[in-house]
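Structural description and commentary
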Amino acid sequence: MENIIFTILEEENSNGKIIAEKLSKELNIPFYDKEIIELASKNSNISKNVFYTIDDWKLSKIIAPFPADFCIGFSLPYLTDFVPIQDKVFFEKSKAIKQLVENKSCIIFCKCSNYILKDYKNCINILIYSNDEERIKNISDKLNLSLKDSKKFLKKQDKKLLSYYGYFTGENWDNKKCYDLFLNSSSLCIKNCVYILKSLYNSIN
């Protein structure tokens, strides 16, 4: 049986993580999310809190969004030694993901994981998205916000995802060339998304 890796990325609040977890149980293969950060933190001795903080940053190649003490290898006057912490963290996450997927079928739920594993022939890249109305309502229910405030929150999160993915890959996060399959969890529902991915996995194996 061939080892198959699913990378599952999601539009904010589109039930991508739920789909990934349910698929993991259906296929009886590992699901990696927080485990990626835990392993990367252990390998690098960088606090897990740093990984989570940077995951929520709005990144820019022009303006570095971090204080000077958030640097690795910064040593005046040798500015060539400077490595921004977000780049160091991304490198460590990439190493951890490649370590976790070695010689096994699994599901990776992590931003840019499709880019990190782009050279893996046994990798299938999935993007889960959903209708804005449902996303807004879900956020309103989850965070107890008005629909107006939920819409603003969603817009802010979408911009963060766009900047984060673009910073590390040079691509738009929803570029169709970066994925093998798009699934609308609003129209298909969670159960059917899981069924489609399970069927795909079984057909390959």
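Higher on the page you've got the structure.
These figures come from a predicted structure and were not determined experimentally.

**Here's the deal with the overall build of the protein chain**
Along the backbone of the protein chain there are eight helices and seven strands. Of all 205 residues assigned to the protein chain, the portion counted as buried reaches 44%. Contacts in the protein chain between residues at least 24 apart in sequence constitute 70% of all its contacts with a sequence separation of at least 6. With the model as given, the accessible surface of the protein chain reaches about 11600 Å², and the carbon-plus-sulfur share is 52%.

**Re the sheet that holds strand β7 (residues 181-184)**
One open sheet holds the five strands; their spatial order is β2-β5-β1-β6-β7, and the pairing between them is parallel. Of all the strands in the sheet, the pair left with one neighbour each is β2 (31-32) and β7. Sitting on the sheet, helix α1 (residues 16-27) is in contact with β1 (5-10), β2, β5 (106-108) and β6 (123-129), with an inclination near 160 degrees to β1.

**A word on the nonpolar core**
Core analysis: the largest hydrophobic core is formed by 34 residues, its most contacted members being Ile 36, Ile 97 and Ile 108. Among the elements that take part in this core, helix α4 (residues 85-100) stands out by supplying six residues, more than any other. Once you skip the residues sitting within four places of it in the chain, Ile 108 turns out to touch Ile 5, Phe 6, Thr 7, Ile 8, Tyr 32, Ile 36, Ile 97, Val 101 and Ser 113. Ranked by size, the runner-up nonpolar core spans 19 residues in total, among them Ile 19, Leu 23, Phe 109 and Ile 124.

**Quick notes on unusual backbone geometry**
One non-glycine residue, Asn 15, lies in positive phi territory at about 70 degrees. Considering the arrangement of structural elements, one finds Asn 15 in the loop between β1 and α1. Unlike most non-glycine residues, Asn 103 shows phi in positive territory, near 60 degrees. By the secondary structure assignment, Asn 103 is in the loop between α4 and β5.

What counts as what
- Residues numbered from 1 in each chain as written.
- Predicted model: local features only at pLDDT ≥ 70, side-chain atom pairs only at ≥ 80, totals over all residues.
- Heavy atoms only, no water.
- Helix = DSSP H or I, 4+ residues; strand = E, 2+ residues; numbered from the N terminus.
- Buried < 20%, exposed > 50% of the residue type's maximum accessible area, 1.4 Å probe, protein only.
- Contact = heavy atoms within 4.5 Å.
- Areas by Shrake-Rupley, 256 points an atom, 1.4 Å probe, with all protein chains shown as cover.
- Pairing = 2+ DSSP bridges.
- Axes fitted to C-alpha atoms, helices over the stretch in contact; angles between N-to-C directions.
- Core = buried A, V, L, I, M, F, W, Y, C linked by side-chain atoms within 4.5 Å.

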